[in-house]
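Residue strings, one per chain:
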Amino acid sequence: MKETSEYIRSGIIEAYVLGVATPVEAKEVEEMAAGNAEVLAAIDEFSQMIEQEALSNAITPDPIIKPMFLATINYIDRMEKGETMSFPPMLQKESKIADYKEWLSRPDMIMPPDTEDVHARIICYTPEVTTAIVWIKDMAPSEVHTNEIEKFLIVEGTCEIIIEKDIHSLKAGDFLEIPLYKSHYVKVTSGIPCKVILQRVAA
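Residues numbered from 1 in each chain as written. Predicted model: local features only at pLDDT ≥ 70, side-chain atom pairs only at ≥ 80, totals over all residues. Heavy atoms only, no water.

**Student:** Quick rundown of the sheet that holds strand 9 (residues 194-202)? Include the residues and the values.
**Tutor:** Pairing is antiparallel across the open sheet formed by 5 strands, whose spatial order is 1-2-9-4-7. Edge strands, defined here as strands with exactly one partner in the open sheet, are strand 1 (118-125) and strand 7 (175-178). Strand-to-strand, the axes of this sheet are offset by a mean angle of 20 degrees, without reference to chain direction. (Pairing = 2+ DSSP bridges. Helix = DSSP H or I, 4+ residues; strand = E, 2+ residues; numbered from the N terminus. Axes fitted to C-alpha atoms, helices over the stretch in contact; angles between N-to-C directions.)

**Student:** Before we move on, could you go through the state of the cysteines and cite the residues and values that matter?
**Tutor:** Scanning all chains against the criterion turns up 0 disulfides. For Cys159, which is in no disulfide, the shortest distance to another cysteine sulfur is to Cys194 and amounts to 3.8 Å. Judged by relative accessible area, Cys159 falls into the buried class, the value being 2%. By relative accessible area, Cys194 is classed as buried at 0%. (Disulfide = S-S within 2.5 Å. Buried < 20%, exposed > 50% of the residue type's maximum accessible area, 1.4 Å probe, protein only.)

**Student:** For the layout of surface pockets, give the residues involved together with the corresponding values.
**Tutor:** Approximately 330 Å³ is the volume found for the largest pocket. Lys66, Pro67, Leu70, Glu116 and Val118 are the residues nearest the centre of the largest pocket, which is lined by 14 residues in total. Of all the secondary-structure elements, those providing two or more residues to the lining of the largest pocket are helix 5 (65-80) and strand 1. A breakdown of the residues in the lining of the largest pocket according to their chemical character gives 7 nonpolar, 2 polar and 5 charged. As a volume, the second largest pocket reaches approximately 230 Å³. If you list the elements that add at least two residues to the lining of the second largest pocket, you get helix 5, strand 1, strand 2 (129-136) and strand 9. A per-element tally of the lining of the second largest pocket places helix 5 first, with 4 residues. In the lining of the second largest pocket, the residues fall into 8 nonpolar, 3 polar and 3 charged. (1 Å grid on protein atoms, 1.4 Å probe; cavity = no way out; pocket = protein on both sides within 12 Å on 5 of 7 lines; lining within 4 Å. Points joined across faces, edges and corners; volume = space filled by probe spheres on them. Nonpolar A, V, L, I, M, F, W, Y, C, P; charged D, E, K, R; others polar.)

Pasting the structure below:
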């Protein structure tokens, strides 16, 4: 009994569960657990403790990360398959939806029917500027940009972009630029997803 309790207190169980035990130590723990209920219970207890700790400190990921990550993979794949790199015009107050017809009319620039909340398709990437078509079904959560200026041109639907305490109600054809260091989020106000040209410009 004493030998088992000393073994459990030695720290080898923790090392095994955390994946930092050597192959020899891991094999030893597994052999001990196979024939010793106390060692097996200690492994289960520490594993559950680690799981609870992870859950209690879990951070909900930004919902924008996944669609932009998938859009990046899609863009890289398109470039590798031979798509010619294009350079859409810079978004500005005078921009018109027609300026982006070349990309908006493409059959692959569509929102899949199973989109949960946000979908994106990158139409151009350079280290200075990323331009994408983005569909927002309900909302895009609050964020703050410290190294890029974000610009929107509404293509379809309507939305409110709330910058700090200022509410900007936007419809198709409207342009808005988000200043650096300002908290902002998007709330869709139409019965259809809000489709936008999104541009992020390195500051």
